[in-house]
Amino acid sequence: MSPSKATYERAGELVLVLSKHFRATGEVDSLDRAERVCQKYPAVGALYLPQIREMHGQPA
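Residues numbered from 1 in each chain as written. Predicted model: local features only at pLDDT ≥ 70, side-chain atom pairs only at ≥ 80, totals over all residues. Heavy atoms only, no water.

Now for the nonpolar core. Judged by nonpolar contacts, the single largest core of 13 residues is most densely connected at Val15, Cys38, Val44, Tyr48 and Ile52. Mapped by element, the contributors of at least two residues to this core are helix H1 (5-25), helix H2 (28-40) and helix H3 (42-56). Apart from residues lying up to four places away in sequence, Ile52 is in contact with Val15, Ser19, Leu31, Ala34 and Glu35. (Core = buried A, V, L, I, M, F, W, Y, C linked by side-chain atoms within 4.5 Å. Buried < 20%, exposed > 50% of the residue type's maximum accessible area, 1.4 Å probe, protein only. Helix = DSSP H or I, 4+ residues; strand = E, 2+ residues; numbered from the N terminus. Contact = heavy atoms within 4.5 Å.)

Okay, here's the thing in structure tokens:
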């Protein structure tokens, strides 16, 4: 069973919240969690993974 559209939307929202949390606090754990979400949901990863990796200091 593939994840629903709503699941992908929530995953995208979670990635945005985690990246904002990183910018506000500098906690790298937030980026690690955002990257895991991107890997679990490929459509979300296609949108956000390059930005997350850039903030993490990795090549996009």
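That was the structure; now back to the text.
Looking now at H3. Taking the largest bend as the criterion, H3 deviates by roughly 55°, centred on Tyr48, and proline Pro50 comes between one and four positions later. Among the residues of H3, those classed as buried are Val44, Gly45, Tyr48, Leu49 and Ile52. Against H1 and H2 lie the buried residues of H3. (Bend = angle between axes of the 7 residues up to and from the residue.)

To continue, consider the packing of aromatic side chains. Enumeration according to the criterion identifies one aromatic pair in this entry. Consider the rings of Tyr8 and Tyr41, whose centres lie 5.3 Å apart with planes at 75°: the pair is edge-to-face. On the criterion of sequence distance, the pair formed by Tyr8 in helix H1 and Tyr41 in the loop between H2 and H3 is long-range, its members being 33 residues apart. (Phe/Tyr/Trp six-rings, centres within 6.5 Å; stacked < 30°, edge-to-face > 60°.)

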